[in-house]
Amino acid sequence: LKEYKIQINWNYDRPDFVLESKHGEFIIEAVTTNSATGKDNEWDRDFSKFKNESITNINKEAIIRLSNSFTSKANHYISKYSKLPHVVGKPFIIAIAPFEQPFFNLQHDRPIKALLYDYYVDEDAYTENPLKYPSGPPVKNLGTIEKDNGTLIELGFFKDYFYSYISAVIFSCTATWGKVDVMCDDTDCTMF
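Residues numbered from 1 in each chain as written. Predicted model: local features only at pLDDT ≥ 70, side-chain atom pairs only at ≥ 80, totals over all residues. Heavy atoms only, no water.

*Asks:* Account for the nonpolar core, with residues named and values stated.
*Replies:* If you look at the biggest cluster of nonpolar residues, it comprises 27 residues, and the most contacted ones within it are Phe 70, Ile 96 and Leu 115. If you list the elements that add at least two residues to this core, you get strand E3 (24-33), helix H1 (55-79), strand E4 (92-98) and helix H2 (110-117). With 6 residues, the single largest contributor to this core is H1. Those residues within four positions of Ile 96 in sequence are excluded, and the remaining contacts are Val 31, Thr 33, Leu 66, Phe 70, Ile 112, Val 169, Ile 170, Phe 171 and Ser 172. In terms of nonpolar packing, the next biggest core, distinct from the first, is built from 6 residues, Ile 6, Ile 28, Ile 93 and Ala 95 among them. (Core = buried A, V, L, I, M, F, W, Y, C linked by side-chain atoms within 4.5 Å. Buried < 20%, exposed > 50% of the residue type's maximum accessible area, 1.4 Å probe, protein only. Helix = DSSP H or I, 4+ residues; strand = E, 2+ residues; numbered from the N terminus. Contact = heavy atoms within 4.5 Å.)

What follows is the structure, given as structure tokens:
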């Protein structure tokens, strides 16, 4: 935000960011995805059990957790934020950072594209048979994804008007130096 010379208006305690730019005012609500109850946290260090984990399974978990975070903030907007005078009529953006599982940073943009547009790049299909896909990994429309409890999540949140009050999603799965520092056992790795 600083790089784009966007000013934060600190006069309000919610949503997270009330912003002013040369193009107008807008709102950003930030959220992280977190591990489901009973599942491995992103900071768990026993990576040996993930050695043979497919990217499809990593992405499936990411889609489910992203859905929970997205819909939670979308519901907050409807029930709380949309009625605030400093929010009314301004674009509302959700910023999501995933931390739902070990290897969260491997998901790239596959899960968020599947969630928002039902556009899934199947890297496992390509890895299993690259000669079958000379142009690269195939793209699939999954339609839905099933949670462990059997609940289906409809994908393609931005393909109809249901979430039209959400102007955009800012997403980054990049591992940060702060995260590296927290996960590092070596005291010398805190140099950043």
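*Asks:* Account for the pairing of strand E2 (residues 17-21), naming residues and giving values.
*Replies:* As paired strands, strand E1 (residues 7-8) and E2 are joined by 2 bridges and run antiparallel to one another. Note that in E2 the partner of Ile 8 across the bridge is Leu 19. Bridge count between E2 and E3: 5 bridges; the pairing is antiparallel. Residue pairing for E3: Leu 19 is matched across the bridge by Phe 26. Taken together, E2 and the strand that follows it, E3, pair antiparallel across an intervening segment of 2 residues. (Pairing = 2+ DSSP bridges.)

*Asks:* How would you summarise H2 if you had to cite specific residues and measurements?
*Replies:* Of all 8 residues in H2, 6 are buried; the element is thus mostly enclosed. Along H2, the positions that sit buried rather than exposed are Arg 110, Pro 111, Ile 112, Ala 114, Leu 115 and Leu 116. The inward-facing, buried residues of H2 abut H1, E4, strand E5 (120-121), helix H3 (123-128) and strand E9 (168-171). Two residues or fewer after H2 comes Asp 118, characterised by a positive phi angle close to 50 degrees.

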